[in-house]
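Chain and residue survey
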Amino acid sequence: MSTPSATSLVTSSSSSFATLWARVYSQRARLLSTLVTLFGLLALTFFVGRVMPIDPVLSIVGPDADASTYQQVAVQLGLDQPLWVQFGRYLNELAHGNLGTSLLTGNAVSADIARVFPATLELATFAIVLGTLAGVPLGVLAASHRGRWQDNAVRVLSLAGYSTPVFWFGMMGLLVFYAWLGWAGGSGRIDLEFDGVLPPVTGLMLVDSALAGNWQAFGNSVRHLMLPAGILGLHSMAYISRMTRSFMLAQLSQEYILTARVKGLPESRVIWGHAFRNIRVQLLTIVALAYGGLLEGAVLIETVFAWPGFGQYLTNSMLLGDMSAVMGCVLVVGIIFVGLNLLSDLLYQVFDPRMH
């Protein structure tokens, strides 16, 4: 029985150490890149927000306030200091976990975000699930029937879903499914009769109602959620189906697909087992970006459905010139996209063996 030589053991140990060092170095570089990105995002938002023609002091004191009152409030907010001093103070507070106080609500920005973000998270998650479940099969169907009526139907549906404004779908959806048919729950997250009944645990209405065992509230939440989530999901479905079709067409023109067909493999296995398998990594990126866009860009549908979510809070804060709230929201959006990118990188290793 042969035993490994000392040289081979040293070589193997050196190789393992080099691999470990490369991974540590890669993680450090990624962390540094993330911090630089978030810092740049905060700096850009802060300085752009300060030069916008919106006066937060005037929003607080009103147009009839005298000069002394105006100046006193400006000093209290620190707006009499140079911009770089204001930004430095904000970073110092941020380093201590303080996002500031919202001028809109008078509450801590972190508490406001913790209150409104679950509503958007619930809405966007349902929308991206619906959009992905519909968009991926439709994209594959269109690519596998290129030039036929199935392809044309999917392309028309995708074009309509992507080019039609979301707020128009929202208003038409309310008119048809709420006012005429009575299927949807209308505006808000739940009916007034259940408002305040559920103890807030996660902020997710479906989860909290299920934890409380209140299935009437659960069903009512579903009725309120399905229409706005379905409209957002339609928009995501259009984008995902178009990208899926494009990726699949590129794969179906490859020689290995021709070889698989020549061997007599079933067409479903050629499409789903070979072509689709090679686009999963690309689709992950598309779905992650679409999900991030829904989390920070669902403001129109939140406005139409009076959905008390993150996008509506961000928009109202921007209109008021409430920079503490805006900066807090921008930081959350940046962390969301960084988190989704990290999650995509982890899933890459699951779907693509070459990433190991």
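Residues numbered from 1 in each chain as written. Predicted model: local features only at pLDDT ≥ 70, side-chain atom pairs only at ≥ 80, totals over all residues. Heavy atoms only, no water.

The protein goes by ABC transporter permease in an unreviewed UniProt entry, where it is assigned to Pseudoduganella albidiflava. Word for word, the UniProt comment on the protein under Subcellular location (unreviewed entry) is "Cell membrane". (UniProt positions renumbered as here; feature names shortened; annotations may be inferred.)

**Some details on the overall build of the protein**
What the protein contains, in helices and strands, is 15 helices and zero strands. Compactness check: the protein gives a C-alpha radius of gyration of 26 Å against a globular reference of 21 Å for 356 residues, more than 25% above the reference. Across its three principal directions, the C-alpha atoms of the protein cover 85 × 70 × 45 Å. The burial tally for the protein puts 38% of its 356 residues in the buried class. A separation threshold of at least 6 residues defines the contact pool for the protein, and within that pool the share at least 24 residues apart is 70%. Total accessible area computed for the protein in this model is approximately 20100 Å², and 65% of it derives from carbon and sulfur atoms. (Helix = DSSP H or I, 4+ residues; strand = E, 2+ residues; numbered from the N terminus. Rg over C-alpha atoms; globule rule 2.2 N^0.38 Å. Buried < 20%, exposed > 50% of the residue type's maximum accessible area, 1.4 Å probe, protein only. Contact = heavy atoms within 4.5 Å. Areas by Shrake-Rupley, 256 points an atom, 1.4 Å probe, with all protein chains shown as cover.)

**Considering the packing of helix H5 (residues 109-144) against helix H14 (residues 310-320)**
Look at H5 against H14: their axes get within 7 Å of each other, and the N-to-C directions meet at 135°. Viewed along their axes, H5 and H14 adopt a mutual orientation that is oblique. Of the residues in H14, those in contact with Val109, Asp112, Ile113, Val116, Phe117 and Thr120 of H5 are Phe310, Gly311 and Tyr313. Of the residues that constitute the contact of H5 with H14, the class distribution is six nonpolar, two polar and one charged. (Axes fitted to C-alpha atoms, helices over the stretch in contact; angles between N-to-C directions. Parallel < 35°, antiparallel > 145°, perpendicular 65-115°, else oblique. Nonpolar A, V, L, I, M, F, W, Y, C, P; charged D, E, K, R; others polar.)

**Quick notes on the side chain of Glu122**
For Glu122, the location among the structural elements is in helix H5. Residue Glu122 is classed as buried on the basis of its relative accessible area, which comes to 6%. A distance of 2.9 Å separates the side chain of Glu122 from the side chain of Arg189, its partner in a polar contact. Ignoring sequence-local partners within four residues, the contact set of Glu122 consists of Arg189, Leu204, Met205, Leu206, Val207 and Leu225. (Polar contact = N/O pair within 3.5 Å; in protein donor to acceptor, adjacent residues only side chain to side chain.)

**Digging into the packing of H5 against helix H9 (residues 215-252)**
For the pair H5 and H9, the least separation of the axes is 5 Å and the interaxial angle reads 35°. When you trace H5 past H9, the crossing you get is right-handed. Its residues assigned to classes, the contact of H5 with H9 shows 21 nonpolar, 10 polar and two charged. (Left-handed = near helix turned anticlockwise from the far one by under 90°.)

**Digging into unusual backbone geometry**
Residues other than glycine seldom take positive phi values, yet Ala306 does so here, at roughly 50°. Structurally, Ala306 is set in the loop between helix H13 (299-304) and H14. Using a relative accessible area of 42% as the deciding quantity, one classes Ala306 as partly exposed.

**Notes on the packing of aromatic side chains**
The final tally for this structure, using the stated rule, is 10 aromatic pairs. Note on Phe46 and Phe87: the rings are 5.2 Å apart at their centroids and 45° apart in plane angle, and the pair reads as tilted. Pair noted here: Phe46 is in helix H1 (residues 6-51) and Phe87 is in helix H4 (residues 83-95), with a separation of 41 residues, a long-range link. Each of the two residues, Phe46 as well as Phe87, counts as buried. Centre to centre, the rings of Phe177 and Trp183 are 6.0 Å apart; their planes meet at 35°, and the pair counts as tilted. According to the relative accessible area criterion, Phe177 is partly exposed, its value standing at 35%. Grouped by ring-pair contacts, the aromatic residues Phe39, Phe46, Phe47 and Phe87 constitute a single cluster. (Phe/Tyr/Trp six-rings, centres within 6.5 Å; stacked < 30°, edge-to-face > 60°.)

**Things to note about the nonpolar core**
Ranked by internal contacts, the top residues of the largest apolar core, which has 65 residues, are Ile113, Leu232, Met248, Ile301 and Phe310. It is H5 that contributes the most residues to this core, 12 residues altogether. Discounting residues that sit within four places of it in the chain, Phe310 has contacts with Ile113, Val116, Phe117, Thr120, Leu295, Glu302, Cys329, Val332 and Val333. Counting residues in hydrophobic clusters, the runner-up holds five residues, among them Ile190, Leu198, Met205 and Ala217. (Core = buried A, V, L, I, M, F, W, Y, C linked by side-chain atoms within 4.5 Å.)

**Some words on the UniProt feature "transmembrane region" (unreviewed entry) in the protein**
Per the UniProt annotation, the sites labelled "transmembrane region" (unreviewed entry) are residues 31-49, 123-144, 156-181, 221-240, 283-305 and 325-348. Taken end to end, residues 221-240 comprises 100% helix and 0% strand; its first and last C-alpha atoms sit 27 Å apart.

**Some details on helix H11 (residues 267-275)**
If you check which residues of H11 are buried, you get Val270, Ile271 and Ala275. Here the buried residues of H11 occupy an arc of 90° about the axis, which is enough to place them on one side. Of the surrounding elements, those touching the buried residues of H11 are H5, H9 and helix H10 (255-262). (Arc of directions from axis to C-beta.)

**As for a nonpolar patch on the surface**
A contiguous nonpolar surface patch, about 1000 Å² in accessible area, is contributed by Phe167, Trp168, Met171, Met172, Leu175, Phe177, Trp180, Leu181, Trp183 and Leu300. When residues of the nonpolar patch are assigned to their parent elements, the largest contribution, seven residues, is made by helix H7 (residues 166-180). Inspection of the secondary structure puts Phe167 in helix H7. Look at Phe167 and you get partly exposed, because its relative accessible area is 37%. (Patch = residues over 30% accessible without salt bridge, like charges linked within 9 Å, V, L, I, M, F, W, Y side chains within 5 Å. Salt bridge = Lys/Arg side-chain N within 4 Å of Asp/Glu carboxyl O.)

**Notes on H9**
Spanning 38 residues, H9 covers only 47 Å between terminal C-alpha atoms, well under the ideal 56 Å at 1.5 Å per step. The axis of H9 is deflected most strongly, by about 30°, at Met226, and proline Pro228 appears within four residues downstream. (Expected span 1.5 Å × (residues − 1). Bend = angle between axes of the 7 residues up to and from the residue.)

**Let's talk about the pattern of salt bridges**
This model, assessed by the stated rule, comprises four salt bridges. Across the salt bridge formed by Arg189 and Glu122, the nearest N and O atoms sit 2.9 Å from each other. Highlighted residues: Arg189 in the loop between H7 and helix H8 (205-212) and Glu122 in helix H5, separated in sequence by 67 residues. Two residues, Arg261 and Glu267, come together in a salt bridge whose shortest N-O distance is 2.6 Å. By relative accessible area, Arg261 is classed as partly exposed at 36%.

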